[in-house]
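Residue-level listing of the chains:
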Amino acid sequence: MTNILLIAFAISLIYMGIANRLSTYINILAVQGIILFGVSFIELIQINTINLIFILFETIVFKTIAIPLFLNYVIKKNNIVREAEPFLPDFLSVVIITCIILGSFILSNIITGVHIQKMFFLVAISALLSGLFIIITRKKVVTHIMGYLVIENGVFILSLSTGNKMTMLVNAGITLDIFVSVLVLGVFVNRIGNTFEEMNVDNLANLKD
Amino acid sequence: MFGYYLIIAFIIGIVLMLNRNRVVRILLLGLFLAMQTAITIYAYFHLNETNTIYFKFDALGVIFMCVLTLLSYTTIYHSFVYLQHRADSSRSQSIYFAALIILIIVMTCAYLASYLGVMWVFIELTTLSVAVLIYHERTPLSLEATWKYVFICSIGITITFIGIILLSIAIQETEITNFSFKAIPDQLLHVSASWLKMIFLFMIVGFCTKMGLFPMHTAAIDAHTVAPPPISAFISTTLMNVGFISIFRTYSMFAHTSILPWMNMILFLCGLISIIVSAAYLLKVNHLKRMSAYSSIEHMGIAAIGIASGGIGYFAAIFHMILHSFVKAGVFYQIDQFHRNFRTYMINETGNYFKRNLPGAMVFLLLLIAITAMPPSGLFVTEFWIFKALFKSGHFFILVLALFFLSIAMYSLAKNFLYILFNQTKDLLPAEEKPNPTETYSQYILLALVFYLGINPPVGMINLIKDAVINLP
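The residue numbers shown here count from 1 along each chain, following its written sequence. Numbering of ligands from 1 and lettering of chains from A proceed in the order in which they are written. The predicted nature of this model means local features are confined to residues of pLDDT at least 70 and side-chain atom pairs, given and counted, to a pLDDT of 80 or more, with totals for whole chains, interfaces and linings taken over all residues.

## Some remarks on the overall build of chain A
Item 1. In terms of helices and strands, chain A carries seven helices and zero strands.
Item 2. Secondary structure elements follow DSSP: runs of H or I no shorter than four residues count as helices, runs of E no shorter than two count as strands, and numbering proceeds from the N terminus. Reading the secondary structure of chain A in the N-to-C direction produces α-α-α-α-α-α-α.
Item 3. Taking contacts inside chain A between residues at least 6 apart in sequence as the whole, the part at least 24 apart equals 74%. Any pair of residues counts as being in contact when their C-beta atoms, constructed from backbone geometry, are within 7 Å of one another.

This is the structure we're talking about:
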């Protein structure tokens, strides 16, 4: 079951490569939150209740509901055009994300000597690289935050694979970190929206030598 | 003890944020400085003691804590001067000082954290608190720089976190999983080399955003350009020291495993490419603050090469970071005065600074000597040791390349500084205000420290640095 969910997560990454509208991106992020909830529910059912509740709170309330609502608010408030405006054609994006997943697959099979759940590692590394790829190839500032959230989802999957070894404190730290950084980034997106007419990276190219 | 410091200092920060009265603000800042000094002295006399569970007064942390405390005095003073001349509203001054106090506290915590995860959390907090300060001037340019800084640092710190998770996977087979810097090296001895290499790469890439080393140096440059000059002084010195400490601690964790030579190679690459990049940009740069930022990147490169070359290089790298902090802070304090004199940071629109502001010009001239590591500057001694370590470890090719690009950087710095000081070909507008010589005193003190520490370093400091590198091979 875990494997099926993780494969679904990887497929959502490919879908992100061809998605055109910003609302699709937000929906994908919400779906990824639900998938993460499923994975953590299956994997962590035997650990203590507080930690479990905490993680479930993080996935459902935070990743599935709060962040998508917040991003929707940012997009509405700043009248952002609904197109994602990638620099690359969709076909190429899909090919590259597929190559990323293939590469992570090969990497996870090369590495030896450490006991690791390969499936988790594979999906986490693909999420990291796909997130970076989305950040690089999309023009809008909001899509940069979405790429960052994809990376964070990958990190979450990787931290699930360590099981209950991670302490509560570290988990709290991660949540706080994501929460604050999304909030701060959102605030700055709003500022960028107020300062410049269009919120894309062309406006952010004045600092240079 | 450290716990009390944290609680009281955070309360001071919050009160500063709410307070709008100038006298109360000065009193609170004075109180904070007294506390910061007291905790530093306490830490120095309780070396290697664990305090408040997650913190430890180890030698490396205490050294940089002393540097931070010293620079806090000057930075707060110059912040007052800066804000006074900008005539900012009382509200924005409150936000500025509250963020500055929080930044100093979280940097102190990042220096002293004895657990990997705790250090990670505080490094993330430095990014957020310094973002408020970078955005202080509220211009489109500062918005751009802050956005880039926060975004790149967040991604960098996330990548580091992946490294930490991989590390925890690697050591989860040992019986007691313990993430303190003291316990990790023993647990790493049985992990396979390819896995260790992957962990090291992830962690080092993330920490490079803070230290300003090659793959992730761009964010720091833009932040320097738009931040208020006293804050640039902090970003360039104490915040880069945070990055240095994190890289140094990571390196120490892995130093007894089989990947040591490979790790050295990675650090050589980072350091050397940082020097090459900064030398290339220094040749064409025209913005005084960007020039100083690139010069910081160059010095970080030298420190990374110092760590990688081993032997006396470890010692020299730490010493280099200390002295560089004093010099670079002085540069940015003087840049503030310079900017008020010319109303611009562009080098080609200025000149003849010697006539316009003699004390400030003398500071620039002495800083030029200090920063290009000419004797009697202390940086000369440390760079000499680093190159000696390179020579001893047999890396002649890297030595030649580093020296070549350093001389290019030296030429560019000297050319630009001398242009500012002596060029008389331009008709410039007269300065609007008479330069105030008392603003240069802090720079003379810092310069005196740099020259003195290079010639005659005190025994206490030498022992601290020796203590910090004692566990390295």
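Still more ground to cover, so stick around.
## Observations concerning the domain arrangement of chain B
Residue and element names in this part refer to chain B.
Item 1. Those domain boundaries reflect an automatic or database domain assignment. The domain boundaries assigned to chain B delineate domain 1 (1–258) and domain 2 (269–473).
Item 2. Computed from C-alpha coordinates alone, the two centres of domain 1 and domain 2 are separated by 22 Å.
Item 3. Facing the 37 residues of domain 1 at the interface are 37 residues of domain 2.
Item 4. Note on residue classes: Ala, Val, Leu, Ile, Met, Phe, Trp, Tyr, Cys and Pro are nonpolar, Asp, Glu, Lys and Arg are charged, and everything else, Gly too, is polar. In terms of residue class, the side of domain 1 that touches domain 2 is made up of 23 nonpolar, 14 polar and no charged.

## Re the environment of B:His395
Residues and elements named next belong to chain B.
Item 1. Considering the arrangement of structural elements, one finds histidine 395 in the loop between helix H16 (378–392) and helix H17 (396–422).
Item 2. For histidine 395, a count of 20 C-beta atoms within 10 Å corresponds to the buried category.
Item 3. Not counting the four nearest positions on each side in its chain, histidine 395 is found in contact with Ser309 and Leu390. Any residue whose C-beta has 12 or fewer other C-beta atoms within 10 Å is treated as exposed, any with 20 or more as buried, and any in between as partly exposed, C-beta atoms being built from the backbone.

## Structural notes on the packing of helix H15 (residues 358–371) of chain B against helix H18 (residues 441–455) of chain B
Residue and element names in this part refer to chain B.
Item 1. Closest axis-to-axis distance for the H15/H18 pair is 11 Å, and the angle between their directions is 25°. Between H15 and H18, the crossing angle belongs to the class labelled roughly parallel. Considering how the two elements wind past one another, H15 and H18 form a crossing that is left-handed. Facing Val363, Leu366, Leu367 and Ala370 of H15, the residues of H18 in contact are Gln443, Tyr444, Leu447 and Val450.
Item 2. Looking at side-chain class alone, the contact of H15 with H18 contains seven nonpolar, one polar and no charged residues. Comment: axis = line fitted to C-alpha atoms, over the contacting stretch for helices; angle = value between 0 and 180 degrees taken between N-to-C directions. Here is the rule for angles: anything less than 35 degrees is roughly parallel, anything more than 145 is roughly antiparallel, 65 through 115 is roughly perpendicular, and the remaining ranges are oblique. Handedness of a crossing is defined here by the sense of rotation of the near helix relative to the far one, left-handed for an anticlockwise turn of less than a right angle and right-handed for a clockwise turn.

## So, helix H3 (residues 59–86) of chain B
Item 1. Helix span, as expected, comes to 1.5 Å for every residue beyond the first. Across its 28 residues, H3(B) extends 40 Å between first and last C-alpha, which sits within 8% of the 40 Å expected from 1.5 Å per residue.
Item 2. We define the bend at any residue as the angle between the axes fitted to the seven residues before and including it, ending there, and the seven starting there. Of all the bends in H3(B), the greatest, near 25°, is centred on B:Ser72.

## Some points on the interface of chain A and chain B
Item 1. Listed by partner, the interface residues are 34 residues for chain A and 37 residues for chain B.
Item 2. For the side of chain A that touches chain B, the secondary-structure elements that each account for two or more residues are helix H6 (141–161) and helix H7 (168–195) of chain A.
Item 3. No other element matches H7(A), which puts 12 residues into the side of chain A that touches chain B.
Item 4. Within the side of chain A that touches chain B, the residues separate by chemical class into 18 nonpolar, 11 polar and five charged.

## Side note on H18(B)
Residues that lie three or four places apart on an α-helix share one face, since the helix turns once every 3.6 residues.
Residue and element names in this part refer to chain B.
Item 1. Given a rise of 1.5 Å per residue, 15 residues ought to cover 21 Å, and the 21 Å separating the end C-alpha atoms of H18 matches this to within 8%.
Item 2. Of the residues making up H18, those classed as buried are Ser442, Gln443, Leu446, Leu447, Val450 and Gly454. In a view along the axis of H18, the buried residues occupy a sector of 135°, so they form one face of it. Relative to its buried face, H18 has exposed residues pointing more than 90 degrees away, namely Ala448 and Ile455.
Item 3. Those residues of H18 that are buried are in contact with H3, helix H13 (312–342), H15 and H16. Think of the arc as the fan of directions from the helix axis to the C-beta atoms.

## Side note on the nonpolar core
Residue and element names in this part refer to chain B.
Item 1. The biggest cluster of nonpolar side chains holds 240 residues, and the ones touching the most others in it are Ile101 and Ile134.
Item 2. Inspection of this core shows a minimum of three residues originating in each of domain 1 (1–258) and domain 2 (269–473).
Item 3. Excluding residues that lie within four positions of it along the chain, isoleucine 101 makes contacts with Ala9, Ile12, Gly13, Leu16 and Phe32. Only buried Ala, Val, Leu, Ile, Met, Phe, Trp, Tyr and Cys residues enter a nonpolar core, and they are joined through C-beta atoms within 7 Å.

## Structural notes on the environment of B:Gly156
Item 1. Locating B:Gly156 in the fold gives a position in helix H6 (residues 140–170).
Item 2. Among all residues touching B:Gly156, those that are not within four sequence positions of it are B:Val205, B:Gly206, B:Thr209 and B:Met216.

## A short note on the confidence of the model for chain B
Item 1. Averaged over every residue, the pLDDT of chain B is 90; residues scoring 70 or more account for 99%.
Item 2. Two numbers describe this predicted complex: its pTM, 0.93, and its ipTM, 0.90. Note on scores: pLDDT gives the predictor's confidence for each residue, bounded by 0 and 100.

## Focus on the environment of A:Ala19
Residues and elements named next belong to chain A.
Item 1. Within the element layout of this structure, alanine 19 appears in the loop between helix H1 (2–18) and helix H2 (22–43).
Item 2. Taking the C-beta count within 10 Å as the criterion, alanine 19 has 21 such neighbours and is therefore assigned buried.
Item 3. Linking alanine 19 and serine 161, residues 142 residues apart in sequence, is a C-alpha distance of 29 Å.

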